[in-house]
Amino acid sequence: MPLRNRLRLLAVSGLALLTVSASLPSAAAGTSHARHPSGGGLSAVIRYTEFGIPHIVAKDYANLGFGNGWAQAADQVCTLADGFVTLRGDRSRYFGPDAAPDGSLSSATKNLSSDLYFRGIRDSGTVEKLLKVPAPMGQSHEVKELERGWAAGYNAWLAQNRITDPACRGADWVRPVTTVDVATRAFALSVLGGQGRGIDGITAAQPPTGTSASPGVPPSEAAHAAQQLLSTQNADMGSNAVAFRGSTTANGRGLLLGNPHYPWQGGRRFWQSQQTIPGELNVAGGSLLGSATVSIGHNSDIAWSHTVATGVTLNLHQLTLDPADPTVYLVDGKPERMVKRTVSVAVKGGPAVTHAQWWTRYGPVVTSLGAGLPLPWTATTAYALNDPNATNLRSSDTGLGFSRARSTADIQAALRRTQGLPWVNTIAADSSGHSFFSQSQVLPRITDELAQRCSTPLGRATYPSSGLAVLDGSKSDCALGSDPDAVQPGIFGPGRMPTVKDVPYVENSNDSAWLTNAAAPLSGFERVFGTVATPRSMRTRGAIEDVSAMAAKGRLTVGDLQDQQYANRAPAGDLAAADLARACAALPGGHAVGSTGAAVDVSAACGVLARWDRKVDTGSRGALLFDRFWRRATAVPAAQLWKVPFSPADPVRTPNTLDTSAPGVLAALADAVAELRAAGIALDAPLGAYQGVVRNGKRIPVGGGTESLGIWNKTEPVWDAAGGGYTEVSAGSSYIQAVGWDGSKCPVARTLLTYSQSSNPTSSHFSDQTELYSGERWVTSRFCEKDIARSPALRVVRVHEHR
């Protein structure tokens, strides 16, 4: 940063410190410690602008982390503290063993299994060992300093402020944290798609006694279960993102629209900030809670977003056991004893629970991956889970590399250098007009050749269907091997990653990399990365139609990105509503038979469906009726639902033409009509009257729609007919950004955090951006110093560690 700008920064901060008395966010109002610091220790300046967005300035990485931890605690202390209870393995101690965790840090179904896993990670020193690994395989010094500072900032906020959030006010489980706790959160997010997915099966795994082992499922059923388990279309996280090359824009510079779909509650929320070290770093965006770096964001030259990728981040090794001892497995005929880890967990109102966990050279023994995929440990066979992200703490280094990038080439260089992203794609654009996509993930090095040569009978069923490899663990030549450009053994190197650069657009909506640009399909990657020439989701199809038309139109601006975000077009409605309306009108007597066998008068629905605008705006009439119909209709197999089947030669427009004679289609309409009438909801009610959220007693209408409708602006609402329709949102659009450049050093950026900055209902930033989202409005980014200084809501505080 030029000296003049640094002086301006200091002047603005100093003036604000002298003149603004209410300088802290509402959760910390009334304290004096931070406004009048004394003593040594870490410190930072935090400048709050509209909607409680903090702009954090510090002299180095440790101090920046301090300001970040402080500001996150001010907005999200209860959610963060709850997560740290998870990471310490203390949920059973405080909340009971049978309650369910919020699911943000693993797929464990009960507190006890979550605790047994995370306590095991803690007792074994897993994260401490990873922190000792030098870069590039381990974390950089800068990231370690950020995490050290983050822990200190969080602790300082706890020490200097009272908690007003009723979710944890006065709770004895809100405690200070360590740097290892912060790194463990990064570890948990890294293994979310691997060990985190198998926690129930890892902690339940015990050697068989006699014939006590439960049976498995036939390979065909296992293949289906694995496909359902690993499908990105069934996940609670998704996303859309598109980057446009300069040839499609009004000024020759790049454009990026990022629309990640994440949970609206719990510890996987984003939190928005700007982070600045003068002369070193200046980046704005959304961070996953507890993260010390920006996860999705922009700086003055580059913007990036992520989408959940189709790469399968784990594999199984089928073990051949010693007939005399089921805790001994054979490799090339030689016995190896499993490592037994004994873990004890304190339990509320009862004695501690002690369980053994069993580990092998491949990873932990696991007895299931979800309820549908049992993996029984018998006298002769067991399964071990390999998760390469269990030795990967590099995701923060990737985020820091992006934050410091100045071009899409720098983005690619950061991916190659850090190799830290566990389960997302990267889409980026820069001010010079470049577009970029890469499915650069930390994936087990499962080549198609290896899978063909080493798959067990179970693996021969699961690998083609889902990408889940089950390899013969009794043969050392079935080990994963290494690529020469990989930073750790057993993963693909960056030279194998599906990558597309400098095409008119790159887009992803959680399908594989195949149609990143539909005019230039990408193929030749291994099955573990995803599928090629298979049906795409309705959201992918709709997104490609939209963005390819935008690129063809050209002269694009940030305003066009904003229009796309809120277009709320329902591709499923475009394909099916007219045919359904015609079939409805042709029904004898206007009656259809529902799934219960009862005839339902659906005649009033015919006109509603015909007049529906094929959108899911809050004012769209007929959208709710079609939504409730479509959720049922998609249970009909695709081969029966559509008259024109999928064609790899026309993957965006096929399948199409609703077959209204297919069993279940008109029954779905009858059931939807009966359901709405029973709830007292008019068939032509505007969507927003029955789709919204309640915040502090105020109902806020919400637009958007569910996954199967194909909506870009995805909303996964929670149905409660007795409560008045859709009364909450479980997941959907979260930290949205539309970014471009105009030749100045200030990017043209519009952002929105749909669920708002704070989860504290007493905060003034508990629902303010949610109301913007309801009205399809945006926040104008204040990135440059002049814009921050002009904010009418400017509040400044210098936060400081007391020593």
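All values reported here derive from a predicted model rather than from experimental measurement. (Residues numbered from 1 in each chain as written. Predicted model: local features only at pLDDT ≥ 70, side-chain atom pairs only at ≥ 80, totals over all residues. Heavy atoms only, no water.)

Draft legend 1. Broad picture of the state of the cysteines. Overall, the coordinates contain four disulfides when judged by the stated rule. At a sulfur-sulfur separation of 2.1 Å, the disulfide partner of Cys 746 is Cys 784. Between Cys 746 and Cys 784, the disulfide has an S-S torsion of -125 degrees and is therefore left-handed. Of the two residues, Cys 746 is situated in the loop between strand E30 (735-740) and strand E31 (748-753) and Cys 784 in the loop between strand E32 (779-780) and helix H22 (785-789); the sequence distance between them amounts to 38 residues. Cysteine pairing for the protein chain (bonded cysteines numbered in sequence order): 1-2, 3-4, 5-6, 7-8. (Disulfide = S-S within 2.5 Å. Helix = DSSP H or I, 4+ residues; strand = E, 2+ residues; numbered from the N terminus.)

Draft legend 2. Fine view of the packing of helix H16 (residues 571-585) against helix H17 (residues 603-611). Running from N to C, H16 and H17 point in directions that differ by 155 degrees, and their axes come no closer than 8 Å. If you check the angle between H16 and H17, you find them roughly antiparallel. In the packing of H16 onto H17, the handedness of the crossing is left-handed. Here Ala 577, Leu 580, Ala 581, Cys 584 and Ala 585 of H16 come into contact with H17, specifically with Ala 605, Cys 606, Leu 609 and Ala 610. When grouped by side-chain class, the residues that make up the contact of H16 with H17 number nine nonpolar, no polar and no charged. (Axes fitted to C-alpha atoms, helices over the stretch in contact; angles between N-to-C directions. Parallel < 35°, antiparallel > 145°, perpendicular 65-115°, else oblique. Left-handed = near helix turned anticlockwise from the far one by under 90°. Contact = heavy atoms within 4.5 Å. Nonpolar A, V, L, I, M, F, W, Y, C, P; charged D, E, K, R; others polar.)

Draft legend 3. Expanded view of the pattern of salt bridges. For the structure shown, the criterion picks out 34 salt bridges. With its nearest N and O atoms 4.0 Å apart, the salt bridge here joins Asp 98 to Lys 110. Taken together, the residues span a long stretch of sequence, with Asp 98 in the loop between helix H3 (91-95) and helix H4 (111-123) and Lys 110 in the loop between H3 and H4 at a distance of twelve residues. A salt bridge links Glu 675 to Arg 628; the shortest N-O distance between them is 2.8 Å. Of this pair, Glu 675 sits in helix H20 (residues 665-678) while Arg 628 is found in helix H18 (residues 623-633), placing the two residues 47 residues apart along the sequence. (Salt bridge = Lys/Arg side-chain N within 4 Å of Asp/Glu carboxyl O.)

Draft legend 4. Spatial organisation of the packing of aromatic side chains. One pass over the full model with this rule turns up 22 aromatic pairs. Centroid distance Trp 150 to Tyr 154: 5.5 Å. Interplanar angle 15 degrees. Geometry classified as stacked. Taken together, the residues span about one helical turn, with Trp 150 and Tyr 154 both in helix H6 (residues 141-160) at a distance of four residues. For Trp 150, a relative accessible area of 0% puts it in the buried group. Between the aromatic rings of Tyr 566 and Tyr 773, the centroid separation amounts to 6.2 Å while the plane-to-plane angle is 45 degrees, which identifies the pairing as tilted. Taken together, the positions of Tyr 566 in the loop between helix H15 (558-565) and H16 and Tyr 773 in helix H21 (residues 768-774) put the pair 207 residues apart, joining distant regions of the chain. (Phe/Tyr/Trp six-rings, centres within 6.5 Å; stacked < 30°, edge-to-face > 60°. Buried < 20%, exposed > 50% of the residue type's maximum accessible area, 1.4 Å probe, protein only.)

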